[in-house]
Amino acid sequence: MGDDKPSYTLDEAISEFGFGKFHVFALFFAGIGYFSDAMEISLLSFIGPVLRTEWSLSHTQESLLTTAVFMGMLPGAFFWGYLSDTCGRKIGIRCVSTIVLGAGILSAFSPNYTLLVILRIAVGFGVSGGHVFLSWFLEFIPSSNRGSLTLVLIASWVLGEALEVSLAWAIMPRFGWRWLIIVSSFPALTALLLSGFAPESPRYLFMKGRIHETCEILKNVASINGKEVLNHQPASESFISEGNHLLPQKNTKTGCLETIRQLFSASLMKTTLLLWTMHFAYTFIYFGIQLMISSLSSQNDCGVANTLVGDKDDRLYVNTLITCAAELPGLIIATLFIDSYGRKICMELLSLLTVISILPLVSLQNGALISALLIIARMFISAAFSTLIIYAEEVYPTGVRATGIGLMSAVGGFGGMVCPLVAIGLVRGCHLSIAITLFAGVIVVSGVCVLLFPFETKGRELTDIVQKNDEVAVEN
């Protein structure tokens, strides 16, 4: 490259066309993916109690319906991450949407409990690839407002939960649980159809050495946004800067074991282990609180007045809808602070507020107050969880980003598998204080992990490769 020619990093090129019409589409498309995942997971809170009566299930069997989804997520999260790092984000998105759609609709026709569990495992396998939508979206966003825009995307999860509650409230009493499952699969169909209009991630293409395709996509995005980007330079040289470690290696095909080895390189091992611990903790707490609210709303055997609002038939729907709505203020708070004060401070503060919210529940017996504090705790832990996901997406280089997030999600899946035993088993066994103490302890551990993260990602450009000498390009 001649010294007299201007050069650009990929981040500088992305920043040039800013936020425009294309990003509105990208936000909607990736949001549909998150939206779909939220609906598929949330519906279990409503069909579980119904199936317990219809099929005479035990509490353990009811819990297994939720656990089954997370069982599918364990292998799926890594599989989809590695697939999208190897074959592209777009292929990963299409396969994920197809699996969720197919397994979701088929589970509506399950004739017995065993087949339903198997099909929900398959749904979990597909749902676990939802992080590929986030990786795809993140790789189109400038670093200056990456945190806040990603939180807006993650808010679609809350909207998906709220819609699922509304659908369950409208469909379950009239048409039954099978129709609820069918209707809940429609967002996956929408994501599959929209994937035909979505371009491949330019960062993925560039990392693979497909420079011409990278330039064409960036030019198309710039055109949609009404911008002109770098059209004065030859496409092969427009995005290369000697000051950045963005050049793809000669061999861009990385085997599965080599990818995992990179995640455990000297510079990434500490971060990887901390992310695993925190994702397990946040998954355990987030879904645990959600299931505790459902359990307290549907039973009254322990001397706790269990209503927040609503009569007996509507209580579960009303309380769950309120908890979904309560997540939005938490996300708004995180959106206001994440790009100003950083990811680590946000996670630390939100984890502390979660502990403060649930500790009084150890001795409380008032059902309305218990439900209110659980709702507040869910608001804070939801925002902390979203911030963690953003940090993880930013800290990993493009070459291992989806695989790293996938493995992290798989470890988090263990938290999802365990939490029904605590949230449903202990609460319905009248051991609420033990459950709350356990949740508080897990949150404290997650707070310690935040302090141990090696660096802040606020304002940093995304990196693309892990250096062979185990140094990750984190600075310009």
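Structural data are supplied above this passage.
All figures in this text were calculated on a predicted structure; none of them were measured in a lab. (Residues numbered from 1 in each chain as written. Predicted model: local features only at pLDDT ≥ 70, side-chain atom pairs only at ≥ 80, totals over all residues. Heavy atoms only, no water.)

> A description of the overall build of the protein chain should follow, citing residues and the corresponding values.
What the protein chain contains, in helices and strands, is 19 helices and 0 strands. A fraction of 84% describes how many contacts in the protein chain between residues 6 or more apart in sequence connect residues 24 or more apart. Total accessible area on the protein chain is roughly 17,900 Å²; 66% of this is exposed by carbon and sulfur atoms. (Helix = DSSP H or I, 4+ residues; strand = E, 2+ residues; numbered from the N terminus. Contact = heavy atoms within 4.5 Å. Areas by Shrake-Rupley, 256 points an atom, 1.4 Å probe, with all protein chains shown as cover.)

> Please set out a nonpolar patch on the surface residue by residue, giving values where relevant.
Residues Ile332, Ile333, Leu336, Phe337, Tyr341 and Ile345 make up a contiguous nonpolar surface patch of roughly 600 Å² in combined accessible area. Broken down by element, the residue count for the nonpolar patch peaks at 5 residues, all from helix 15 (residues 315–341). Tracing the backbone shows Phe337 in helix 15. (Patch = residues over 30% accessible without salt bridge, like charges linked within 9 Å, V, L, I, M, F, W, Y side chains within 5 Å. Salt bridge = Lys/Arg side-chain N within 4 Å of Asp/Glu carboxyl O.)

> Pulling in residues and values, what's your account of the nonpolar core?
Formed by 137 residues in total, the largest nonpolar core has its most connected members in Ile47, Trp136, Leu275 and Tyr282. Per element, the largest residue contribution to this core is 16 residues, and it comes from helix 17 (residues 367–395). (Core = buried A, V, L, I, M, F, W, Y, C linked by side-chain atoms within 4.5 Å. Buried < 20%, exposed > 50% of the residue type's maximum accessible area, 1.4 Å probe, protein only.)

> Before we move on, can you summarise the pattern of salt bridges with the specific residues and values?
Any two side chains of opposite charge can pair, on the condition that their charged atoms come close. For the structure shown, the criterion picks out 11 salt bridges. Here Glu40 ties to Arg120 by a salt bridge, and the two come within 2.9 Å at their closest N and O atoms. Here the residue Glu40 occupies a position in helix 2 (residues 21–42), and Arg120 occupies one in helix 6 (residues 113–127), the gap between them amounting to 80 residues. Of the residues examined, Glu40 reaches a relative accessible area of 1% and is grouped as buried. Exposure remark for Arg120: the relative accessible area of 0% places this residue in the buried category. The residue Arg89 makes a salt bridge to Asp85 at a minimum N-O spacing of 2.6 Å. Overall, Asp85 belongs to the buried group, its relative accessible area being 3%. Taken together, the shared-partner salt bridges in this structure form one network comprising Asp85, Arg89, Glu139 and Arg401.

> I'd love a proper account of helix 15, names of residues and values included.
Over its 27 residues, helix 15 runs 39 Å from end to end, which matches the ideal 39 Å to within 8%, given 1.5 Å per residue. Downstream of helix 15 by one or two residues, Gly342 has phi in the positive range, about 105°. (Expected span 1.5 Å × (residues − 1).)

> Give me the side chain of Arg120: which residues, what numbers.
Reaching out from Arg120, the side chain makes a polar contact with the side chain of Ser107 at a distance of 3.0 Å. Leaving out residues up to four positions away in the same chain, Arg120 has contacts with Glu40, Leu43, Leu44, Ala68, Val69, Gly104, Ser107 and Ile181. (Polar contact = N/O pair within 3.5 Å; in protein donor to acceptor, adjacent residues only side chain to side chain.)

> Go over helix 16 (residues 343–358) with me, naming the residues and quoting the values.
For helix 16, spanning 16 residues, the distance from its first C-alpha to its last is 23 Å, which sits close to the expected 22 Å at 1.5 Å a residue. Among all positions in helix 16, only Arg343, Lys344, Cys346, Met347, Leu350, Ser351, Thr354, Val355, Ser357 and Ile358 are buried. Looking straight down helix 16, one finds that the buried residues subtend no more than 160° of arc, so they occupy a single side. The outward face of helix 16, more than 90 degrees from its buried face, is lined by the exposed residues Ile345 and Ile356. (Arc of directions from axis to C-beta.)

> Hey, could you go over the environment of Tyr317 for me, with residue numbers and the actual values?
Within the secondary structure layout, Tyr317 lies in helix 15. For the pair Tyr317 and Val165, spaced 152 residues apart in sequence, the C-alpha to C-alpha distance is 6.0 Å. Those residues in contact with Tyr317 that sit more than four places away from it in its chain are Phe46, Val165, Ala168, Trp169, Met172 and Pro173.

> Quick rundown of empty space enclosed by the protein? Include the residues and the values.
Counting across every chain of the model gives 5 cavities of 30 Å³ or more. Space inside the largest cavity adds up to approximately 450 Å³. Lining the largest cavity are 29 residues, with Tyr34, Trp157, His279, Phe385 and Ile389 sitting closest to its centre. Looking at the lining of the largest cavity, the elements that each hand over two or more residues are helix 2, helix 4 (59–87), helix 7 (131–138), helix 8 (146–175), helix 14 (269–298), helix 15, helix 17 and helix 18 (398–428). (1 Å grid on protein atoms, 1.4 Å probe; cavity = no way out; pocket = protein on both sides within 12 Å on 5 of 7 lines; lining within 4 Å. Points joined across faces, edges and corners; volume = space filled by probe spheres on them.)

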